[in-house]
Structures are given as C-alpha cells and as structure tokens.
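For reference, the chains in residue letters:
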4 protein chains.
Amino acid sequence: MLYFENDYCEGAHDAILQRLMETNMEKMPGYGEDKYCASAKEKIRAACGCPEADIYFLVGGTQTNAVVIHSMLKRYEGVLSAITGHINAHEAGAVEATGHKVLGLPHYNGKLSAQNIKNYLQTFYGDANQEHMVFPGMVYISHPTEYGTLYSKKELEEIAAVCHQYHIPLFLDGARLGYGIASAASDATLTDIARCVDVFYIGGTKVGALCGEAVVFPQKAPRHFLTMVKQQGALLAKGRLLGIQFDTLFTDDLYLKISKNAIRTADRLKAVLIEQGYQFLLNSPTNQIFVILENEKMKQLAQHVTFSFWEKYDETHTVVRFATSWATKMEEVDALAALLLES
Amino acid sequence: MLYFENDYCEGAHDAILQRLMETNMEKMPGYGEDKYCASAKEKIRAACGCPEADIYFLVGGTQTNAVVIHSMLKRYEGVLSAITGHINAHEAGAVEATGHKVLGLPHYNGKLSAQNIKNYLQTFYGDANQEHMVFPGMVYISHPTEYGTLYSKKELEEIAAVCHQYHIPLFLDGARLGYGIASAASDATLTDIARCVDVFYIGGTKVGALCGEAVVFPQKAPRHFLTMVKQQGALLAKGRLLGIQFDTLFTDDLYLKISKNAIRTADRLKAVLIEQGYQFLLNSPTNQIFVILENEKMKQLAQHVTFSFWEKYDETHTVVRFATSWATKMEEVDALAALLLES
Amino acid sequence: MLYFENDYCEGAHDAILQRLMETNMEKMPGYGEDKYCASAKEKIRAACGCPEADIYFLVGGTQTNAVVIHSMLKRYEGVLSAITGHINAHEAGAVEATGHKVLGLPHYNGKLSAQNIKNYLQTFYGDANQEHMVFPGMVYISHPTEYGTLYSKKELEEIAAVCHQYHIPLFLDGARLGYGIASAASDATLTDIARCVDVFYIGGTKVGALCGEAVVFPQKAPRHFLTMVKQQGALLAKGRLLGIQFDTLFTDDLYLKISKNAIRTADRLKAVLIEQGYQFLLNSPTNQIFVILENEKMKQLAQHVTFSFWEKYDETHTVVRFATSWATKMEEVDALAALLLES
Amino acid sequence: MLYFENDYCEGAHDAILQRLMETNMEKMPGYGEDKYCASAKEKIRAACGCPEADIYFLVGGTQTNAVVIHSMLKRYEGVLSAITGHINAHEAGAVEATGHKVLGLPHYNGKLSAQNIKNYLQTFYGDANQEHMVFPGMVYISHPTEYGTLYSKKELEEIAAVCHQYHIPLFLDGARLGYGIASAASDATLTDIARCVDVFYIGGTKVGALCGEAVVFPQKAPRHFLTMVKQQGALLAKGRLLGIQFDTLFTDDLYLKISKNAIRTADRLKAVLIEQGYQFLLNSPTNQIFVILENEKMKQLAQHVTFSFWEKYDETHTVVRFATSWATKMEEVDALAALLLES
C-alpha cells in the first residue's frame, strides 16, 4: 500500500528521536520551564527575526487554534475566517465551544482577501445596530490554506494593514507552515510572517515532529497566557517533549530542509499527473494536490494507494487529495506514477 | 542536585523510546485508529478484566479530567469532589470553563467518604428548591489522592453503591494509578477499580510515559466521545504516540513493575525520615511523602535537593513534599538520607 | 413624528394592564407556580390543540432562543438556521456563547427549504470525517421570518418530515407568530404548527404584551428545563407578570384579534406604496414591509417618520423597513400615505 | 392563609402600575433608549451621589449576577463569595455556566470579612503555583445578605480597601438593597455604597417592582456592556417597562419609603416572637427573620401561614424564615402574632 492520505502518517524525524533518547534521563522542571524549551525558543526567535517574541509550545492544531483564539478575543467578539478555514469546518466546533462565533467570509481557493475583510469591517462599523451583533475581533488565516494555497508577502501585508486599521489581531495558522515557506510559490519568509501578524504558530505535528505546535507572539503574549493554556487542558507536564522536538527542528535549519522534501515530491507528483492529463481542482503549490478523478479510476486506485476523499465533483467524478510530507520518498511517488500509468 | 520535586522530571521508560524508534517509519492512520492503539486497548482490557471496555488515549491529566467530566455531565449538573481534589484546586478552573460547578465536599486526608456523599445527595434531593440549584451529576475521586492516600476496595465499593443508588457515575482520576496499585496499603486491584467505577484513567505521564492517559469506560463511552475529545482540542493526530506507549506499558506487566520502584524508594525514604525523627503531615502509603520541616532545615536542604512546598505548618515549620517515581534510583534516596543525616 | 420603526414601541394592550391592576395585590407563589400561569397554559394548550403540551413563560426573544437551543442540543451539536436567521445575525452571539455553532444555510426570502436541509444532512452523514465536525442537532426556522415571509403548511410538513427522518428537533421562533397566523398568506394554523414542530414559542413582546414569550413543547420539555432556564438567568421571580399577560392574550381570542390589526394596517400601507409606484425588496405578507427608497426620499421621510434602515440597495437607493403592529392606527397609515404622496 | 414566604408574592406598588397605565401608548425607542430610562438613571445618579455613573436596567437577580460577573471577570478569573452567597448556592450554577469558578470563603452570618479576603489574596499571590489556579478576580457580597444581615460602613470600607489594594472590583448584590438602607442597623447609605464598590445593583423585584434590577457602575461600565447583556439574553426590548418602574421608585423617595414598611413589620414580628420566647438562628436586622421552631409547631403553623423552610436545626427543631416586604400589612403581622399565641 502506498500512503498519500495525509502528512502525519509516520512518526518523527530521526534526529528528534535521537535527541529524545540522549536527553531522556536528564531531570528537569515541568510545564515548559526546562532548558530545551528555552533553547528552542531562542532558535525560533532568531529564525523569525523577532528577538522579543513570546513563545509557547502546545500539543496539536485544533487545540492551538482554540487556545489562541479564546485567549485573544473579548467575550463579545468573534473571529473572521474563510468559510473553508479549518476552525470553521473541521474542528468539531472547538471555537464555539469556548463561546465565540466564527464569522465566515467567502474564500478564493481557501484564501481571504484584504478587500473582503475591509468591506466586512466597514459594513459592521457602519451598522447602527452593531451592538446587537458579534464584534469582529480577530482575523484568522491559514498558510498554507486548507487547499494548499499560499498568501504572497504583499497579500499578508495588505491583510495586516486592514487589521491594524481596525485594531484587531491577525492570527496565522501555520499547521503546515514549513511547506509554505519551502514552496517556491510564496515570497513570504518566516521573518515576513512574524512582522505581519500578531500571533502565528509553526506546525510540528505535520512537519517532522511526533506532536507539537510552536505559538509565536512576535510582540507579547496575552497576560496569563499560561493559565489559559492550562485551563483548556493544553499544558503538557513534560514540556521537554515539545522543547526537545522544536530545538531539534530549529537546529541547522532542519525544519526548512525536511519541508523541502515534501515540496520536491509533490512537485514531481504534479508533473506526473499533468503529463498523464489529469485535471486539478486548483493549482496548489505546496504538499497537497487536489485531483479530479473518474469514480471508476478512484476505486481502482484505492486498492493500492491511500488518499483523502475531498468532495464530489459531479456525478461521475470526485475530487481527491494526495499529500506528501517530510517523510515521503521519491520512490513512493514513482510507484504511484507507475500505478497511474498502468491503470 | 537531587530531584524529589515531582514524578515527571525524567523522560520515558527506555522500553517506550525503543518501541517509538522501531515503529517510527511505519505508516498508519491518525487519531487513534492505528494498530498500536488497538493492541494497547486489548491489553488494558485484559489487565482490567473488562473485555467490553471502551478505551481512549488522551494527552494529559487536566485535559482528561475536563474532557471526561464535560462529556458525562448534563449541563445542569456539577461534579462532587473533595475540596482538595485536583479538579477543584489546581487545574485553573478547567471544569468550570466547560460550564460545570465543582461541588466541594470535606476531605479526610484527601479522600471522600461514602457517608458524606450520601448525606449530600440526601439533603439535595430532600430540598424543595433543588431545581434552583446545581444537580450533583457525578462523583470524582482521585486514587491515589493528592495526599498520596488510597481507598480500600471496601471504600470504593461503598462509594460505588451510593453512586448507583443515585444513578450518577463514579469517576476515578488515576493520574498516579500505578503507584496506588503497587502499594501494599490498598487491596484494590485494577480489576476491582474497573468493576466499581463508571470511568477511570490510567496515568501514563507520571508513570513512565512521555505523555498520555488511558481513559477506560468499563461499560460504554458516552455517544460521540471522540467528537467531544476533538472539540476540547484533546485528539492527537498521531495517536500512535499514545498507543505505542501504552502498548509497551501493558506488555509483560511493565506498568506495575516500574510503579513498584516508586513505592520501594518511597518506603526507604520514609524509613530514613522516621529513623531521624521527622514528623509527617499524614501517613501516605504511595510515592508522595509529606514531611514537616523546620524552616531553617528546609532552606539548607533546598540547596541540594528539589522538593515541593506544600503549605505553611506554623510560624517556624513548613510542610514539604518529596516524590519518588518509576525512575528514582535507590542511590538517590541514599544520597538524600546522607544529606538529612549530616545537616 | 410617525412611528413605523418596529413593532414594540408601545406598552401593552389595555386589557393586559387592566388585569395586572386587578390582580396586583393577590398573593401567590413565584417562578411560574401561580394560578394565572396555570390558566394561561391551559388556554394555550387548547388554542394549539395539544392538551399534553409543556409550556414555560420566558421574558424575551433572544433569551428564549438561547435557552431553548442550549437546552435541546447535545454539546457536540449545532443548530441549522438560515444565514438570515435572527440567531445567526442579530443576537450578539448568544447561541455561540452557550457553546453551540450556528450552521448557516442559504435562505430564500428568509426561509429554509426542506430540500436544502435534507441535502445538508445527507452530505454530513455521508462524510467519513463527520466525527471531526459539528453534528447538526436541530433545525431553527422563524415564522414569520426576519423578512416577514411565511411557511405554508406544506412547507412546514416537509421540513418536519426531514427532521423526523434524521431524529433532530424542529424549533420555530414565533417572536411575531400572531402576525403570521393572522395573515391571509399562510394556511398554517397554531394547531398545524404545534403538530409539525418539537418546540416553538408564541411571541408576546411584539404582539401586545409588555414582555414575554410562551415556549410550547407539544410533547414534552427536556428534563429539568426549569433549572436550565434558571441557569441562564431567564426565570422570572414574579412569574405572574407573564402568566397574567398570556392568560389575557389567550382569552376570547385576543391574541389573534390584535394581530389582525397589524396585518390590516400593513396591507393598507402596501396598497398605498404600490399605488405610488414604490418597489419592494420582496413580497412580505405580514407586518414588515421592505421598500426600496431613493436616498434623497429616505432623508426627507426620516424627518417625519421613523423606520428601520435595512441595507444599501445600490449607490442611490436604500432598503428600509416599515413595521406595523397590534397598536398601529389606520390614521397613522393614512398620515404616512399623505407624506409619501406630498414628497 | 397568611403569606410570609418571601418578599415577591404581590405585584407592584400602585404608583408603578399607575405610571405604566399613563405612559402605555406613548411611542418610544426600545432597548432602554427611552426617556423614562434616561430620567430614572438621572434620579438614581442623584440618589447615589455619583453623577457620572453608568446605569443599566436588567430584569432579574440571578440574571444580573451572571451578567455583571461575566462582564467584569477575565476568563482566567473567578469570583470570591461567601459560601452562603446566592451565586454559590441558589442560582443553578449560572456563574459557572459562563465559565467562571465561584471561590467560596467562610461566612459570618452570611458576611465576608475583609481579613479573610485579604488572607485569601495573600496566600494566593504567595503561591508559586498560582498560574495553575483560578485567579481571584472580583469580590461578591450581598447586602443585605442571604441571612438578612448587613455590613456596616466601616466593614464596606475595609473590604473595598482590600479590593483596591489587589486591583479587583467589589460587587454588591443589592437584590434587597432597600431593606438594608431602611434598617436602623446599618449606617451605610446609598452614597456610601456607591463610593465603596465598583458595581452594585438596586433590587426592584423584591422592593416594589414587577421586575427589574438597576445596575450601577459608579465610575464606568465595562466596554460594550450592552452587547454582553444582549449576548446573555438579558436585554429587554421594551426597556420602558424597567425605566418607568425605576423612575417611579426614585421619585419622592418612594423606594426608601416602601422599604421602611418591610422593616417596621419585621421589627414588630420580631418583638412578638421574642415576647413569646422563640429562639432565632441569628439576629437579622432587615426583613428576613430566621426562627427555630419545634417541628410540631411548624406543622401546625403551616396550615395557616406560608414561610420558607431554611434548614434542619436538630432532630426536633427546624429553622424557618419569615419574610416581610414593602406590601406587608401590620394587620397581617398581628394575625400571625395571634396565631403564634394561640398555638
């Protein structure tokens, strides 16, 4: 069986397991107060070009979204998101469970536009009945998006400008951030992102770690953020598990290096698909590829390859997603290419 | 420096890291659908003597308490707990954050009594204004308790009988469950516990794992429990991390074996302290020891040993906690004994 | 100044104030246990043709929506609503504040279609990832809608059939229910509504009362509904205030009689507007009229009449809402007609 | 039957109904934007000696407590209250339902002491693990308390001083405030209270109104308070109902005058009880009297008088509560006295 179902079907990068072994019996304080967390934070600050950043390590993506959003919104505020945003569609209502509405905006291949955000805010603040409505208190974007697409540096700057104008924070969900930065299609670096947003996270779970997301507040975390993390059950006792992983990922540029593997293998897979005349739902420059398959073809393939059902395209076609990752081998792509050719 | 501050200052048992290494590049589905989770569940079912049990793996203790309690209470219900219960005192209001009141009852060395629970329930259901109050919807006990004490099998049965009589579930927080079962002071086995309670968890974080708690519903989990876990941000993408750890811990009785080490070292430490005339806050038969130290002595010791401040005893004395764990070496206890002797 | 801004700008129908006076010094129990509440419930049961109905009196509309929805949804469920539904747009996130997502569906002049609801439910239950999403746990419709439109008996039956098929309750927000029943445009009677839905409320605030909404569960209220009402701060100590009002409104058909006045005056106003060539946003057969005005005209009118801004139509036109009510006098409509003619 | 069960068993003071009649058909804006609300606020500001106060009218007591507390606490904060406080015991968990813990402190006849509050805060801020606990974010007191007792001006000032020192707001629940001010036993005036606290409310429901509580922020309400009121379903469409009532109660000192009636009748009843040798649970100087009755006597009385069961005193005695109100007639007290004498 070939696995292209998602980007979290293996364990962790070898170097991480190695470091966990080496440090295993060292005794250290809990809750992220250990030296590996401290070291990882320093390296991330350097990589992001924000020496004053407050950084926290959380365990998973849905958790991180819910914790960050609930910690930054006032209780009468909701969060603006593309209707395709992960928080709106695939997190079991985790944001609403903390009392906040997700205010869905139209998307363009998974992206929000600065203009749309601005229009929403203008209309809201122009409405005499605004006090009877949910105040827009944050903008949430994902980068790469749920469709594998990316914001350009200019697009990020424009969205940031609207947010600043209306004094609401901009939050970037980077569950797959490595794959965005490693892609040739975006000019936005870690430093650009850290400059544009008020908070973002660097995904570990999908980019080489066993688990873990690094939340970066380029300026300052909300007061008592740790207590809020604890209150939502997201504070890991053995914080070292996260610190050691991120310390490893941010040593010698490992995070970027392994991210590039996902892009290389995805690019190769795309080339194969194009060659063989497949149609794409959209052009995605990262590690997720959305292909339109005939239903029959899909069934055949499913006997040899795992992939994700995305959505029905029409009566006889289906959109499926192939995902590569830091761990995908070029031979696996070749094997998939052979399969596609055969069938 | 000697570490007796808590039972989570090392990484994981070697066997766990070994298994993580061996299985690292195997590809498998996420969210606990992998074969290691399945295998771990089978072994836990066998160890608990409940072949039909529903089992879920969560990441940490506060998280597990909040998820279990919120998933089993109706929205007009609260949870009965000793006022010293972890959920009442040290979880940053995680239960209340889900909308439920913790109904505090008096404790006896950290324990609830069946009689007290019964009195509370009788009084409640005898009150004509009950509909204006929080309905008692669950009993929460920890075993071992926050004071290291244990319920006997008989005590568990009595509490279970009251709960059954009033049709409310009994939840046992087993963050340190191994240390309870390994202690000679309690006759309650895993099987007894699984028979008495409606839900409990087997703590991994404090007993040899990097992270992880195994939630056991001896009969049946609440409907859509997985969705509720997800909604609270507690569903791990790479569920294998938890499955592999618990599979290892429940292979060849490893969980019990390493738990016994904590008891042996704690017993030895207690013997030393008694020998030297120290007073204890209470008699705790597990891995946490509560000693009353003169403040001067405490300051001296603190230069060489870490321990937890527990509470002020009087103007010149303080209660401190020493904790051993699966990883504590007898030599460390001896070194501590030497220190205590010297000073 | 002429008032057509909304349907709650006067006090209460005279008969209500009269009854409040007459009964004022009678001593009676609180919290809805008084004889007037009992009598009102009996009369409403009779009017709705459901002798076993559980009935509760709440104070206002947003409150009633939040209480009913939160009391009937499981915590992993959200509520399906037209995106124009009051709960989705104009209640400050009251539903989300209780932890539940409002799942917005497209609307047709403020209405949901049975087919759309069915499609949503089919797609949801066909999705392999449904456990990572918000379960659809209820359908919310308003009747009349926020656009003054009405469901036919057949449409209600079709929606009810879908709900029954999927075992989720149907909730009808009747904040303006009187105006729906009094309109010639719908064939759905109180009895039809009570037969089709699982819960609905009969609006008092906008139909002749000082305050108050009567929540009707044609079969059975959720267990401990009163406690949930109390928990959300919606239980009135002097429940008599609500009981006496609804007892009066349901004596000698007063509720329907005064509702008809709103329809008569609205119909007359519509006739005048049509005569004078005004365009409508849509055809609304109840007490709310949505007219497209030139911006200049709107400004002139605003000096003599109050109305609601609804939305921008284009650069030079605006949609405004005129509302009549139980208290609107035909002379007021005539005065407005004269004003429209003049200008 | 004689009614001494509570202080809300009649309707409203005549003058209020009169004003509701007179103003009934006046057309005015909703949501508290009407002239009667404005006038009532001015009169209350004057009565409280705080010309800059922000004032809002809510409907009931539990609602007001939940709205005020939830609007002023940060999400990681809880509210300190006597364990006997209404929010802790008798509001169905309304505060917890908004996500906040009620931190119970010991009470002295229903009162908190400044010293106890200070000790709690000192201990909390001295605890190295404070970030894992619920931050104390507000002090809640009721005046009169649930036991009918009162704080002296000095006690209020002392509590206020502690709150200021720790920068947390002081909230006074004045559901029965009139009966506190009218009592000879407290020297704290409305002005004193407004000077000492950060927010309080003037109870209408129990002091002459049909419903309604006036929330007073002597300095400034939290930002977007109205939206938070709306979000909790507590914003009345016909705000005039509350404005007219409070405008009447604060015209010609009506509020104080009618409050005095409750005190006069309670004092007379106490005198009768003392004369006849009854024992009191405690000395309560307001309109609630807590008497210890023999169970037999209690049963006899219950055939002719309504009162509240308070608690079991011992095997043969029970504590019951008699309450007078603005509406109690001296003849009713005399009739009760006669009954007590007879039996």
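Residues numbered from 1 in each chain as written. Chains lettered and ligands numbered in written order. Predicted model: local features only at pLDDT ≥ 70, side-chain atom pairs only at ≥ 80, totals over all residues. Heavy atoms only, no water.

Visitor: Can you help me understand the relation of the copies chain B and chain C in this one?
Guide: Comparison of the two chain copies shows a relationship of rotation about an axis with a shift along it. Here chain B sits on chain C after a turn of 180° about the axis and a move of 0.0 Å along it, with an RMSD of 0.0 Å. Such a turn and shift between the copies fits a two-fold axis. Take the interface residues of chain B: 100% of them recur as interface residues in chain C, which is what a same-surface contact looks like. (Least-squares fit on C-alpha atoms with pLDDT ≥ 70 in both. Contact = heavy atoms within 4.5 Å.)

Visitor: I tried to follow the pairing of strand E6 (residues 170-173) of chain C on my own but got confused; where do I start?
Guide: Side chains on a regular strand alternate between the two faces of the sheet. All names here are of chain C. Side chains Leu 170 and Leu 172 of E6 all project onto a buried face; the interleaved residues Phe 171 and Asp 173 project onto the opposite face, where all are buried too. As judged from the four bridges shared by strand E5 (residues 135-142) and E6, these two strands associate in the parallel manner. Within the sheet, the bridge partner assigned to Ile 141 lies in E6 and is Leu 172. In terms of strand pairing, E6 meets strand E7 (residues 199-203) through two bridges, oriented parallel. Considered in E7, the bridge of Phe 171 is made with Val 199. (Buried < 20%, exposed > 50% of the residue type's maximum accessible area, 1.4 Å probe, protein only. Helix = DSSP H or I, 4+ residues; strand = E, 2+ residues; numbered from the N terminus. Pairing = 2+ DSSP bridges.)

Visitor: What is the right way to look at the interface of chain B and chain C in this model?
Guide: How big an interface is tends to be stated in terms of accessible area lost as the parts join. Counting residues at the interface gives 19 residues for chain B, matched by 19 residues for chain C. Roughly 1,900 Å² of surface becomes buried between chain B and chain C when both sides are summed, with 53% attributable to carbon and sulfur atoms. Of all residues in chain B, B:Arg75, B:Tyr76 and B:His132 bury the most surface against chain C, accounting for 40% of the area lost on that side. At the junction of chain B and chain C, the tally comes to zero salt bridges. Linking chain B with chain C are twelve residue pairs in polar contact (both at pLDDT 80 or more), by the criterion used here. When contributions to the side of chain B that touches chain C are tallied by element, the ones reaching two or more residues are helix H3 (61-72) and helix H10 (225-231) of chain B. It is H10(B) that provides the largest number of residues to the side of chain B that touches chain C, a total of five residues. (Buried area = accessible area lost by both parts, 1.4 Å probe. Salt bridge = Lys/Arg side-chain N within 4 Å of Asp/Glu carboxyl O. Polar contact = N/O pair within 3.5 Å; in protein donor to acceptor, adjacent residues only side chain to side chain.)

Visitor: Quick question: what am I supposed to make of helix H6 (residues 114-126) of chain D here?
Guide: The α-helix advances 3.6 residues per turn, and as a result positions three or four apart in sequence lie on the same side. Here H6(D) spans 18 Å end to end across 13 residues, near enough to the 18 Å set by a 1.5 Å rise per residue. Taken together, the buried residues of H6(D) touch strand E3 (77-82), strand E4 (102-105), strand E5 (135-142) and helix H7 (153-165) of chain D. (Expected span 1.5 Å × (residues − 1).)

Visitor: Is there a simple way to think about the relation of the copies chain B and chain A in this case?
Guide: Expressed as a screw transformation, the operator carrying chain B onto chain A has a rotation angle of 180° and an axial translation of 0.0 Å, and the superposed copies differ by an RMSD of 0.0 Å. With an isologous cut-off of 70% or more, the 100% of interface residues of chain B that recur at the interface of chain A puts this contact in the isologous class.

Visitor: I tried to follow the side chain of C:Ser284 on my own but got confused; where do I start?
Guide: All names here are of chain C. For Ser 284, the location among the structural elements is in the loop between strand E9 (279-280) and strand E10 (288-294). Exposure remark for Ser 284: the relative accessible area of 2% places this residue in the buried category. Discounting residues that sit within four places of it in the chain, Ser 284 has contacts with Tyr 147, Gly 148, Lys 270 and Phe 290.

Visitor: Would you mind going over the environment of C:Gln288 with me for this structure?
Guide: Residues and elements named next belong to chain C. As for its position among the elements, Gln 288 is in strand E10. Linking Gln 288 and Gly 137, residues 151 residues apart in sequence, is a C-alpha distance of 30 Å. In this view, Gln 288 contacts Thr 145, Glu 146, Gly 148, Arg 176, Arg 321 and Phe 322; residues no more than four positions away in its chain are not counted.

Visitor: I'm lost on the packing of aromatic side chains in this one. Help?
Guide: The description of an aromatic ring pair rests on the distance of the ring centres and on the angle between the ring planes. Within this structure, the stated rule accounts for 72 aromatic pairs over all chains. With centroids separated by 4.8 Å and ring planes inclined at 70°, the aromatic side chains of A:Phe290 and A:Trp310 adopt a geometry described as edge-to-face. Here the residue A:Phe290 occupies a position in strand E10 (residues 288-294), and A:Trp310 occupies one in strand E12 (residues 308-314), the gap between them amounting to 20 residues. With centroids separated by 6.2 Å and ring planes inclined at 40°, the aromatic side chains of B:Phe171 and B:Tyr201 adopt a geometry described as tilted. Of the two residues, B:Phe171 sits in strand E6 (residues 170-173) while B:Tyr201 sits in strand E7 (residues 199-203), which places them 30 residues apart along the sequence. The exposure classification of B:Phe171 matches that of B:Tyr201, with both residues buried. By the ring-pair criterion, three or more aromatic residues cluster together here, those being A:Tyr76, A:Phe124, A:Tyr125, A:Phe135 and A:Tyr166. It is A:Lys41 that lies over the ring of A:Tyr56; its NZ or CZ is 5.7 Å from the centre. (Phe/Tyr/Trp six-rings, centres within 6.5 Å; stacked < 30°, edge-to-face > 60°. Lys NZ or Arg CZ within 6 Å of the ring centre and 35° of its normal.)

Visitor: What am I meant to see in the pattern of salt bridges here?
Guide: For side chains bearing opposite charge, pairing can occur when the charged atoms are close. Residues and elements named next belong to chain C. In total, this model carries 68 salt bridges over all chains according to the counting rule given. Put simply, Arg 268 and Asp 334 hold a salt bridge, and the shortest N to O gap is 3.4 Å. Remark: Asp 334 occurs in helix H14 (residues 330-342) and Arg 268 occurs in helix H12 (residues 254-275); sequence separation between them is 66 residues. Here Arg 268 falls in the partly exposed class, since its relative accessible area comes to 33%. Given a relative accessible area of 35%, Asp 334 falls into the partly exposed group.

Visitor: Explain the sheet that holds strand E5 (residues 135-142) of chain A here, please?
Guide: Consider a sheet: its strands pair through backbone hydrogen bonds, and that pairing is either parallel or antiparallel. Residues and elements named next belong to chain A. Spatially, the seven strands line up as an open sheet ordered E2-E8-E7-E6-E5-E3-E4, and their pairing is mixed. Single-partner strands in this sheet number two, and they are strand E2 (54-58) and strand E4 (102-105). The average angle at which neighbouring strand axes cross in this sheet is 25°, direction not considered. Both strand E3 (residues 77-82) and E5 contribute to a ladder of five bridges, which runs parallel. Pairing of Ser 81 across the sheet is with Tyr 140, part of E5. Along the sheet face, helix H6 (residues 114-126) touches E3, E4 and E5 and points at about 170° away from the line of E5. (Axes fitted to C-alpha atoms, helices over the stretch in contact; angles between N-to-C directions.)

On their own, these measurements won't tell you what the molecule is for.
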